[in-house]
Amino acid sequence: MSSQVLVDMQVMLDLDAMAPESPLLQGLTLAAGARNILDRAPPFSEVNIAEGYDASQSSLLQRFWYVHLAKRL
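Computed from a predicted model, the values in this text were never measured in an experiment.

## Quick look at a nonpolar patch on the surface
- On the surface, a cluster of nonpolar side chains totalling about 500 Å² of accessible area is made up of L13, M18, L30, V67 and L69.
- Summarising the element assignment, V67 is placed in strand β3 (residues 64-71).
- Of the residues examined, V67 reaches a relative accessible area of 68% and is grouped as exposed.

## Section: the sheet that holds strand β2 (residues 28-35)
- The three strands are arranged β1-β2-β3 in an open sheet whose pairing can be described as antiparallel. At either end of the open sheet lies a strand with only one pairing partner, and these are β1 (9-14) and β3. The sheet shows a mean angle of 10° between the axes of neighbouring strands, taken without regard to direction.
- Looking at chain direction, β2 and β3 are connected through eight bridges and run antiparallel. Within the sheet, the bridge partner assigned to L28 lies in β3 and is K71.

## What to know about the packing of aromatic side chains
- This model, assessed by the stated rule, comprises one aromatic pair.
- Consider the rings of F64 and Y66, whose centres lie 6.2 Å apart with planes at 25°: the pair is stacked.

## Quick word on the confidence of the model for the protein chain
- Confidence along the protein chain averages 81 in pLDDT terms, with 68% of residues attaining 70 or more.
- Per-element mean pLDDT across the protein chain ranges from 90 in helix α1 (residues 15-18) up to 96 in β1.

## Quick look at the pattern of salt bridges
- Under the defined criterion, the tally for this structure stands at one salt bridge.
- A salt bridge links D16 to R72; the nearest nitrogen and oxygen atoms lie 3.9 Å apart. Of this pair, D16 sits in helix α1 while R72 is found in the segment after β3, placing the two residues 56 residues apart along the sequence.

## Some thoughts on unusual backbone geometry
- Phi is positive for N36, close to 55°, though the residue is something other than glycine.
- Mapping N36 onto the fold places it in the loop between β2 and β3.

Thresholds applied
Each chain carries its own residue numbering, running from 1 in the direction its sequence is written. With the structure being a predicted model, the display of local features is reserved for residues of pLDDT at least 70 and the display and counting of side-chain atom pairs for 80 or more, all residues being used for whole-chain, interface and lining totals. The side-chain figures draw on all heavy atoms in the structure; neither hydrogens nor water molecules are used. The patches reported here contain residues having more than 30% relative accessible area and no salt bridge. Joining distances are 9 Å for like charges and 5 Å for nonpolar side chains (Val, Leu, Ile, Met, Phe, Trp, Tyr). Note on areas: these come from Shrake-Rupley sampling with a 1.4 Å probe, and a residue is covered only by the protein chains present in the view. By definition here, a salt bridge exists when the distance from a side-chain nitrogen of Lys or Arg to a carboxyl oxygen of Asp or Glu is within 4 Å. Elements are defined by DSSP. Helices are runs of H or I of four residues or more, strands are runs of E of two residues or more, and each kind is numbered from the N terminus. The buried label applies to any residue whose accessible area, calculated with a 1.4 Å probe on protein chains only, is under 20% of its type's maximum; exposed applies above 50%, and partly exposed to all values in between. Here a strand pair is declared whenever DSSP counts at least two bridges between the two strands. What counts as an axis is a line fitted to C-alpha atoms, over the stretch in contact for a helix, and the angles between N-to-C directions run from 0 to 180 degrees. Here is the rule: rings of Phe, Tyr and Trp (six-membered ring for Trp) pair when centre to centre is within 6.5 Å. Planes less than 30 degrees apart are stacked, more than 60 are edge-to-face, and the remainder are tilted. How sure the predictor is of each residue is captured by pLDDT, a score from 0 to 100.

Structure, rendered in structure tokens:
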């Protein structure tokens, strides 16, 4: 069975540090990222015929993008 490599990435921006005088941006952070950036499919395996992949050795995670906005009170 071939190996599976998943590449993830996340970037976070502290908006409070960019404009500390702004009460609206105080405690505000913005994060964006992606999981499985290369969108690699798991290698085929005949271990479990019903699924076609070995869940103990690989993941079915597809590419997933996200954005997260948080405010500390």
